[in-house]
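Examination of the molecular architecture
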Amino acid sequence: MTRSRKGSIRGEPLYFAPINLGEHADLCVRFRLDSYVCSFGSSARFYADNTTDQGYVDWLRSRMRDLPGSCVHLWRGIEIIGQLEMGRSGENSRIGYVNLCYLVPDARGSGVSSRLDEYLCEFHARLGLERAYLNVSPSNDRAIRFYEKYCWKNRGDDPRYAELLLFEKTFTPAQCAR
């Protein structure tokens, strides 16, 4: 197999599609749980935030209904390799927020991460938003390197969540026209 510039396996196109909860709710939960393990070393906090898997799936369903295109899977051929969950900041509707930016372990480091950043930039730009926030665990070095590579600025400790860092990205027309 030969990898292309963007990190996909040649012959296997990369594309985004809205999450199909009827078919992939369990996968969404697994991805979210893994993101907590990567960030905090355990998935325990997921259940503190969501109480149940179904509560999280219900949240996804509501978000997708209210904001089409906000929750998508990244596909490589017939395999789901990533997930994005986005919306507007709860504190300021003129600012975007990224709830989840996830790649499966086998896709990490392959170069396809650029596609996640491109999609989230274009999504927020379509909403007319010029910037977005997200949170990162200070112990998740890989995620921090990813966000810094794609011009997210570390704003330090989040005043709302002392155990998390707040990252901000300002979208310029050139970034979103890649």
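Refer to the structure above for everything that follows.
Overview of the structure.

What counts as what
Residues numbered from 1 in each chain as written. Predicted model: local features only at pLDDT ≥ 70, side-chain atom pairs only at ≥ 80, totals over all residues. Heavy atoms only, no water. Disulfide = S-S within 2.5 Å. Buried < 20%, exposed > 50% of the residue type's maximum accessible area, 1.4 Å probe, protein only. Helix = DSSP H or I, 4+ residues; strand = E, 2+ residues; numbered from the N terminus. Pairing = 2+ DSSP bridges. Axes fitted to C-alpha atoms, helices over the stretch in contact; angles between N-to-C directions. Contact = heavy atoms within 4.5 Å. Core = buried A, V, L, I, M, F, W, Y, C linked by side-chain atoms within 4.5 Å. Phe/Tyr/Trp six-rings, centres within 6.5 Å; stacked < 30°, edge-to-face > 60°. Lys NZ or Arg CZ within 6 Å of the ring centre and 35° of its normal.

A closer look at the state of the cysteines
- For the structure on display, the rule yields zero disulfides.
- Its sulfur unpaired, Cys-71 is 8.2 Å from the next cysteine sulfur, which belongs to Cys-28.
- The class for Cys-71 is buried, based on a relative accessible area of 2%.

Overview of unusual backbone geometry
- Of note, the phi angle at Cys-151 is positive, near 70 degrees, even though the residue is not glycine.
- Inspection of the secondary structure puts Cys-151 in the loop between α5 (141-149) and β6 (153-157).
- For Cys-151, a relative accessible area of 42% puts it in the partly exposed group.

As for the sheet that holds strand β5 (residues 131-136)
- The sheet built from seven strands is open, its strands ordered β1-β2-β3-β4-β5-β7-β6 with mixed pairing. Of all the strands in the sheet, just β1 (14-18) and β6 have a single pairing partner and so form its edges. Pairwise comparison of adjacent strand axes, ignoring direction, gives a mean angle of 30 degrees for this sheet.
- Examined bridge by bridge, β6 and strand β7 (residues 165-170) share three bridges and lie antiparallel to one another. Within β7, the position partnered with Asn-154 by the bridge is Phe-167.
- Seen against the sheet, helix α3 (residues 53-66) touches β2 (71-76), β3 (79-88) and β4 (96-103) and runs at an angle of roughly 70 degrees to β3.

Brief notes about the nonpolar core
- In terms of nonpolar packing, the biggest core is built from 50 residues, with Tyr-147 and Trp-152 touching the most fellow members.
- Sorting elements by how many residues they give to this core places helix α1 (residues 21-40) first, with eight residues.
- Excluding residues that lie within four positions of it along the chain, Trp-152 makes contacts with Val-98, Asp-117, Leu-120, Ala-132, Tyr-133, Leu-134, Tyr-147, Phe-167, Glu-168 and Lys-169.

Focus: the packing of aromatic side chains
- For the structure on display, the rule yields 13 aromatic pairs.
- Centroid distance Tyr-36 to Phe-46: 5.6 Å. Interplanar angle 85 degrees. Geometry classified as edge-to-face. Placement of the pair is Tyr-36 in helix α1 and Phe-46 in helix α2 (residues 44-50), with a sequence separation of 10 residues. Grouping residues by exposure puts Tyr-36 and Phe-46 together as buried.
- Between Phe-46 and Tyr-47, the aromatic rings sit 4.8 Å apart at their centres with planes inclined by 90 degrees, giving edge-to-face as the arrangement.
- Judged by relative accessible area, which is 34%, Tyr-47 ranks as partly exposed.
- Three or more aromatic residues link up through ring pairs in this structure, and these residues are Tyr-36, Phe-40, Phe-46, Tyr-47, Tyr-56 and Trp-59.
- Directly above the ring of Tyr-119 sits Arg-126, whose terminal nitrogen or CZ lies 5.9 Å from the centroid.

Focus: the environment of Gly-109
- Tracing the sequence through the fold places Gly-109 in the loop between β4 and α4 (113-126).
- Residues Gly-109 and Phe-146 lie 37 residues apart in sequence; the distance between their C-alpha atoms is 9.5 Å.

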